[in-house]
Amino acid sequence: MAEFFLEIFSEEIPARMQASGAAHLEGICAQVLKPLGFKLGALYYGPRRIALKAELAGEVAASAVAERGPRTSAPEQALAGFLRKHGAAREDLTQEGDFWVLNKQSPAQPAAAFIQSALPEALAKLPWPKSMRWGASGDFTWVRPLRGIISLLDGAVVPLQLGPVTSGNETWGHRVHGPGPFAVSSAAVWEEKLREHGVIADPVERREKIATGMAALAAAQTLSVAPDEGLLDEVTGLVEWPVPLLGRIDDDFMDLPPEVRELSMKINQKYFALRDADGRPAPHFAFVANLAAEDDGRAIIAGNERVLRARLADARHFWDLDLKTPLEDLLPKLEKITFHAKIGTQHQRAERISKLAGDIAALLQLDATAQQQARTAGLLAKADLVTGMVGEFPELQGIMGGYYATRSHGAVVGGAISTHYQPKGPSDAVPTDAIAIAVALADKLDTLIRFFAEGEKPTGSGDPYALRRAALGVIRIILENGLRLNLKPLLNNDSSLFDFIIERLRIKLRGEGKRFDILDAVLYGPSGNTTIDQLRIISEQYQRNAFADDDLVRLIKWVEALTVMLGTEDGKNLLAGYKRAANILRIESEKDQKLYSGDPDLNLMTEEAEKRLYLHVNAVMAKTKEELWNENYESVVIELASIRPYIDAFFEKVTVNAPEPELRRNRLRLLARFVGAVQQVADFTKIEG
Amino acid sequence: MTVHSAPTRPKSFQDIILTLHDFWAKQGCVILQPYDVEMGAGTFHPATTLRALGPKHWRAAYVQPSRRPSDGRYGENPNRLQHYYQYQVIVKPSPADAQELLLASYDAIGIDRRLHDIRFVEDDWESPTLGAWGLGWEVWCDGMEVGQFTYFQQVGGIPVVHPSFEMTYGLERLAMYVQGVENVYNLDFNGHGVTYGDVFLRAERDYSKLNFELANTDILKRHFEDAETECNALVAELVAQPAYDQCIKASHLFNLLDARGVISVTERASYIGRVRNLAKACAEIWLSGESNG
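Student: Could you give an account of the overall build of chain B, with specific residues and numbers?
Tutor: Of regular secondary structure, chain B possesses 8 helices and 9 strands. Since a compact globule built from 293 residues should have a radius of gyration of about 19 Å, the 19 Å found for chain B is in line with a globular shape. In terms of overall dimensions, chain B has a C-alpha envelope of 55 × 45 × 35 Å along the principal axes. Going through the 293 residues of chain B one by one, you find that 57% of them count as buried. The averaged location of the 37 negative side-chain charges in chain B is 1 Å from the averaged location of its 26 positive side-chain charges.

Student: Pulling in residues and values, what's your account of the interface of chain A and chain B?
Tutor: The partner chain B presents 40 residues to the 42 residues of chain A that form the contact. Counting the contacts that link chain A with chain B gives 8 salt bridges. Run the count over chain A and chain B and you get 23 residue pairs in polar contact (both at pLDDT 80 or more). Secondary-structure elements contributing two or more residues to the side of chain A that touches chain B are α1 (15–32), α7 (258–269), β18 (281–289) and α8 (298–323) of chain A. Of all the elements, α8(A) adds the most residues to the side of chain A that touches chain B, at 11 residues. Class assignment for the residues of the side of chain A that touches chain B results in 19 nonpolar, 8 polar and 15 charged.

Student: Help me get a handle on helix α2 (residues 76–86) of chain A, residues and values and all.
Tutor: All names here are of chain A. Among the residues making up α2, those that are buried are Leu-79, Phe-82, Leu-83 and His-86. Take α2 and look down its axis: the buried residues cluster within an arc of 95 degrees, on one side only. Exposed residues on α2 whose side chains face more than 90 degrees from its buried face are Gln-77, Arg-84 and Lys-85. For α2, the secondary structure elements touched by its buried residues are β5 (63–71), β6 (93–96) and β7 (99–106). Backbone geometry just downstream of α2 places Gly-87 in the positive-phi region, at approximately 60 degrees.

Student: Give me the lowdown on the sheet that holds β7(A), citing residues and values where you can.
Tutor: The strands making up a sheet associate through hydrogen bonds between their backbones, and the pairing can be parallel or antiparallel. Residues and elements named next belong to chain A. If you walk across this open sheet you meet the 3 strands as β5-β7-β6, and the pairing is antiparallel. What marks the edges here is a single partner per strand, and that holds for β5 and β6. Averaged over all adjacent pairs, the angle separating strand axes in this sheet is 25 degrees, with direction ignored. Sheet analysis places β6 next to β7, joined by 4 bridges and oriented antiparallel. Its bridge partner being in β7, Gln-95 is matched across the sheet by Trp-100. The strands touched by α2 within the sheet are β5, β6 and β7, with β5 carrying the most contacts at an inclination of about 165 degrees.

Student: Describe in detail the side chain of B:Gln153, supporting the description with residues and values.
Tutor: Along the polypeptide, B:Gln153 turns up in strand β7 (residues 144–155). Of the residues examined, B:Gln153 reaches a relative accessible area of 5% and is grouped as buried. Only 2.8 Å separates the side chain of B:Gln153 from the backbone oxygen of A:Arg133, close enough to count as a polar contact. When near neighbours in sequence (up to four residues on either side) are disregarded, B:Gln153 contacts A:Met132, A:Arg133, B:Trp133, B:Gly134, B:Leu135, B:Ile158, B:Pro159, B:Val160 and B:Pro163.

Student: An account of the domain arrangement of chain A is requested, with residue identities and associated values reported.
Tutor: Residue and element names in this part refer to chain A. Segmenting chain A into domains produces domain 1 (2–59 + 111–196), domain 2 (64–106), domain 3 (203–323), domain 4 (327–513) and domain 5 (519–686). The gap between the C-alpha centroids of domain 3 and domain 4 is 33 Å. Contacts between the two partners involve 14 residues from domain 3, matched on the other side by 12 residues from domain 4. Between domain 3 and domain 4, a total of about 1200 Å² is buried, with carbon and sulfur atoms accounting for 74% of that surface. Among the residues domain 3 hides against domain 4, the three largest losses belong to Leu-263, Trp-319 and Asp-322. Together they make up 40% of the total. Here domain 3 and domain 4 share 0 salt bridges between them. Counting the contacts that link domain 3 with domain 4 gives 4 residue pairs in polar contact (both at pLDDT 80 or more). Elements with a minimum of two residues in the side of domain 3 that touches domain 4: α7 and α8. For the side of domain 3 that touches domain 4, the element with the highest residue contribution is α7, accounting for 7 residues.

Student: Quick one: what's the story with the confidence of the model for chain B, residue by residue and with numbers?
Tutor: Residue and element names in this part refer to chain B. Taken residue by residue, chain B gives an average pLDDT of 92. The fraction at 70 or more is 96%. Counting contacts from residues 1–6, a segment whose pLDDT is below 50, to residues more than four positions away or on other chains yields 10 contacts. This complex was scored by the predictor with a pTM of 0.77 and an ipTM of 0.92.

Student: I'd like a rundown of the nonpolar core, residues and numbers included.
Tutor: In terms of nonpolar packing, the biggest core is built from 137 residues, with A:Met389, A:Leu441, A:Phe674 and A:Phe684 touching the most fellow members. Sorting elements by how many residues they give to this core places helix α15 (residues 434–453) of chain A first, with 13 residues. If we ignore the near neighbours within four places in the chain, the residues touching A:Phe674 are A:Leu574, A:Gly577, A:Tyr578, A:Ala581, A:Val617, A:Ile643 and A:Ile647. With 87 residues, the next largest nonpolar core counts A:Phe38, B:Tyr85, B:Ile118 and B:Met176 among its residues.

Student: Got a sec to walk through the pattern of salt bridges? Specific residues and values, please.
Tutor: Two side chains of opposite charge can pair, provided their charged atoms sit close to one another. Summed over all chains, the structure comprises 62 salt bridges over all chains. Among the charged side chains, a network of salt bridges with common partners joins A:Arg484, A:Asp551, A:Arg554, A:Lys557 and A:Glu631.

Student: Hey, could you go over the sheet that holds strand β16 (residues 243–248) of chain A for me, with residue numbers and the actual values?
Tutor: All names here are of chain A. Sheet architecture is open: 4 strands sit in the order β15-β17-β18-β16, paired in antiparallel fashion. Looking along the sheet, the strands with just one partner apiece sit at the ends: β15 (224–225) and β16. Across 3 bridges, strand β17 (residues 272–275) lies against β18 in antiparallel orientation. Within β18, the position partnered with Arg-275 by the bridge is Pro-281. Helix α5 (residues 203–220) rests against β15, β16, β17 and β18 of the sheet, and its axis sits at about 35 degrees to β16.

Student: Tell me about empty space enclosed by the protein, residues and numbers included.
Tutor: In this structure the tally under the stated criterion is 4 cavities of 30 Å³ or more. Its volume calculated, the largest cavity comes out at about 250 Å³. Lining the largest cavity are 23 residues, and of these A:Glu12, A:Arg175, A:Asn290, B:Ile118 and B:Arg119 sit closest to its centre. If one sorts the elements of the lining of the largest cavity by residue count, strand β4 (residues 118–122) of chain B sits on top with 4 residues. Taken together, the residues of the lining of the largest cavity break down into 10 nonpolar, 5 polar and 8 charged. Two domains each donate at least three residues to the lining of the largest cavity, and these are domain 1 (2–59 + 111–196) and domain 3 (203–323) of chain A. The calculated volume of the second largest cavity comes to roughly 90 Å³. Lining the second largest cavity are 13 residues, with A:Gln269, A:Lys270, A:Val288, B:Arg119 and B:Trp140 positioned closest to its centre. Here the residues of the lining of the second largest cavity sort into 7 nonpolar, 3 polar and 3 charged.

Student: Kindly report on the confidence of the model for chain A, identifying the contributing residues and their values.
Tutor: Of all residues in chain A, 96% attain a pLDDT of 70 or more, and the chain-wide mean is 89. Across residues 526–546 of chain A, where pLDDT falls below 50, the model places 32 contacts with residues more than four positions away in sequence or in other chains.

Scoring rules and cut-offs
Residues numbered from 1 in each chain as written. Chains lettered and ligands numbered in written order. Predicted model: local features only at pLDDT ≥ 70, side-chain atom pairs only at ≥ 80, totals over all residues. Heavy atoms only, no water. Helix = DSSP H or I, 4+ residues; strand = E, 2+ residues; numbered from the N terminus. Rg over C-alpha atoms; globule rule 2.2 N^0.38 Å. Buried < 20%, exposed > 50% of the residue type's maximum accessible area, 1.4 Å probe, protein only. Lys, Arg positive; Asp, Glu negative; His and termini not counted. Charge placed at Lys NZ, Arg CZ, Asp CG, Glu CD. Contact = heavy atoms within 4.5 Å. Salt bridge = Lys/Arg side-chain N within 4 Å of Asp/Glu carboxyl O. Polar contact = N/O pair within 3.5 Å; in protein donor to acceptor, adjacent residues only side chain to side chain. Nonpolar A, V, L, I, M, F, W, Y, C, P; charged D, E, K, R; others polar. Arc of directions from axis to C-beta. Pairing = 2+ DSSP bridges. Axes fitted to C-alpha atoms, helices over the stretch in contact; angles between N-to-C directions. Domains from an automatic or database assignment. Buried area = accessible area lost by both parts, 1.4 Å probe. pLDDT = per-residue confidence, 0-100. Core = buried A, V, L, I, M, F, W, Y, C linked by side-chain atoms within 4.5 Å. 1 Å grid on protein atoms, 1.4 Å probe; cavity = no way out; pocket = protein on both sides within 12 Å on 5 of 7 lines; lining within 4 Å. Points joined across faces, edges and corners; volume = space filled by probe spheres on them.

Structure, rendered in C-alpha cells:
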C-alpha cells in the first residue's frame, strides 16, 4: 500500500464551510480512487486548508471486459452509448453474429498516473455553498482564492492542475508564527512541520485545546464557561493556533439583560459567556486568539474588551431609549408594518392574538383579572418589533418585549410576552404559566388559522411561514401542560387545519418511537357514539375528522393505555378476535345490506360459549362506563383484555352462520355488541399486527 | 511626501491617510481625490464601480467621505457618525498577494502583528442598490472590524471580466484603534492639537438634525424623481459617468428619505429596485464605451 496525501490550501475558508468541504473532499477521493482501494487515514480542515491522507494500492489492476453490446442493426446512438459506458472505442469491438461484442483489455495502471488523470476534474467540482473567481482563475471557481496544492504518493509529487494552481510539495504556516513556505514529504511530516510553523492541523485537537484552555482560565477565577457547542465549532474554524484568553466586562453593563449582553458577545464577537459558582452571569468573557503574542495577549485582551465596551454601549443606548417609550405607544407603529400581504398588519395581528388569548384564558377557567392580563400581553406581544434593541438584534424579539412589559405591567404580563414565541424548536421549553400558555397558544393558532384561511399551506418542500413548527408548538404546549381543550373550535373548525395538526402529532409520535397507528385508531374511537359501520358509511359523505376526538390530552392517554395493552398477550389476542369479528360483521352486513345493531337475545343463545361471551361483555361495558367517564383508561383496557378468553372460546365453539336465521342474526348482534364494546376505545382495524 | 510622526507616538488621523496613500502609491495605484457627489460608501465612486467593469487593468486608492444619514447620533455616540471617511483601494485584476499587501499596510500604519490578532472572518458583500456582490471577509483586529475585503464578482448586474480586489478601511475606527481612543471625537486629527471633534462635532449635530427632523421629504422625493429622469435621459445619450452621477444622487436621496422614516417596507424595495435599474443602465453603457474605445 502507498500513502496518498492531499492538501488544498487557500485563503480563509468560512468557518461554517470547512467541515463539509473536507467531507466532500473525502467523498470525491473515495469515489474516484476506488479502483485503487482507497482507504481513508485521516481528514483535516481549518481556516486555510482541507486535507486528507489515505492508503492506496500501487496500481489499478489490469482488467479485461468481454461484453455483448447492441445489435449491429441498432441505431448509431445505441452503439455510442455502449461505447461511452465502457470508455471504449470502435476498434475495441468485434462482430459476432448480429451483435457487437466488446473485448477490451486494460493494462495495469500505476497509481500516480491514475490519480493524475482522474482526480483533478472531480476535485474542480467540489461543491462549496458559494464559490468565486479571482484575478488569475479564469472561469475556475473555489470557495476563496486557491493558493497551493500538495499531492504526494509515498512522498513523490503527483502533478495535479486545479484552475491556475499546480500541485507540489510546499505549504504555508501561520501568518505570524511561521509563514513558510516549506516542503513536506508525508502526512506525518506535514502535520509535524505545520505545528512547528504555528498551525494545529487536526480540528479535533484545536477544539479540545480551546475547550480545555477556556475551562482552565475560567476555573482559575472560580467561574465556568456557559456551554455552546455551535460557537466552539465556529471558533475552531477561525484559528490555526488557538490561544484562549479571558476578558472583563465593565460592571456598568452587568445590569443589562443577560440575553442582550450575551447575544452581542456571541453573534458579533464570538465570545463565550461565563457563569459564577451559582450559575449567574459573571462579568467576564472567554475568547480565542489566533496568536501567541509576545505580551501574553495583554494588548489583544485590552482590544477585545474595548470592542465589547463599544458594543455594549450601543446596546445600552437602545435599552435606555426603549425604556423611555411605553409599549402601548408603539402600537400605532405596528399599523404601518405589514405582517403578510394577504393577512394584514402586525397591529391587526396583535389585536387578534389579544382577543384569542383572552378567550383561551377563559377556556382554561382563569379569573377575570387573568383573562385581562392575557389580553394585555397578547396586544403588546409584537410591540417590541419596533424597539431599537430588536431592530439591532432581531433574535431578541419577545425577550425584549418581556423585559419592557415587566417594568410597565408586572412580571406576569412580561413573562407571557417573553415566552410567547416558545417553543422555538424541538429542544426549546414550552411556557408553563397559565397566562403565558394562553398567549403562546394564541400567537401560534392565529398564524395557523390565517395562513390556512388564505390557502398558504406548507408544501412538500416549502414551509416559508414555519407553520409546521407552529403546529408542533400548539401540540407541545397542550400536551406538556395537560390542557383539556377541544381543539377544533380554536381552529375556527377548519378541518384541513385540524388534519394538519394531527399529522404533526403523528410525526411527533413516530419520532419518539411510539405507535402512531394507535393514534389513528383512537382518533376515531372514543369520541364516537357511532359504530364502525356507521362511520364507514357516513365518512364517504362527510369529513372524517368530524368524528375525530379533538382533545389531544385524552387522545394521548388512550394511545399510552392501548400501547400497554397491546404489549400483553391478552391484548394481542383480543385484537385478533376483534378483527375477526369485525371482518365477519362487515362481510355479512354487506351481503345482507343491513346492520346488526339490535340487542342480542339471551334466549336465542344455544351454546354455552356465546352466553358466557354475552354476559361478560355486558359486565365489562357496565364496569367500564364509569371508568371511561373518569378517563381511567388503564382500568378500561384491563377490563377489555379480560374478554379475550371469551371471544376465543366463542370462535372455537360457535358457528356464526348457523342454518337458523334467528340464531345467525342473534350471533351477529352478539359480535356487534362485542365489537361495540371494544371500539368504545379505538378503531382497532387501524392497528397493525 | 514626508510623514511626520515620532516612532513612539501613534499616527494622527491625517498621518494614517498619508501613510496609506504612500503605501498604495508604491503598489502602482493612482491616488485619486474624493468624488464630489454625496454617497453612502467609497464603493460608489466611479473609480470603483465603473472601473471594476470591462477588461482594462486598474489600480486606484482614495479617501471617500461616506454619508449614512440614519447613523446620525447628534454627536452623542462615541462610535457612530452620519458622515465618516472610508479609505478605498481597488486593484484589478486581484493580485495573488492581496491579503499580504493588506497586512503590510497595517504594519505601515503601526499595528504590530506580533501583538495584535488579525483575522479574516467570513463576510459576503452585497449592494442591492448597485446590483453588485462579491466574496471576502471582515478584517478583524483584536475582535474589532477594521476593514472589508472583497473580491468583486458582479457590478451593475454584470459579471466582471477580471475580479477586482477591493479593500475598504474604516478610517475613524482604525485611527481610534491605533491611537487607543474610545471616543471618535477625541481622535488626534493632525498631531498638532486639533481633534476630530474640533473638525466635525458641530457638523454631526447639525446634519443629524437635518437627516432626522428638517429635510423636506416632498423636496427629497421630487429630487429623487428628477435624478432618475435625468439619469435615464443621459443613459440614452451614452454619457456613462454623468448618468452615473445622477444614479449616485438618487441613491443618497433614497438614504435621506429612509432616515426620515417616510418609506414603508414595500416602498423601500421599490426604491432600491429603481436605483439598481439606474446602476445597471449606467454600467451597461460604460461597458459598451470601454469595449468600443
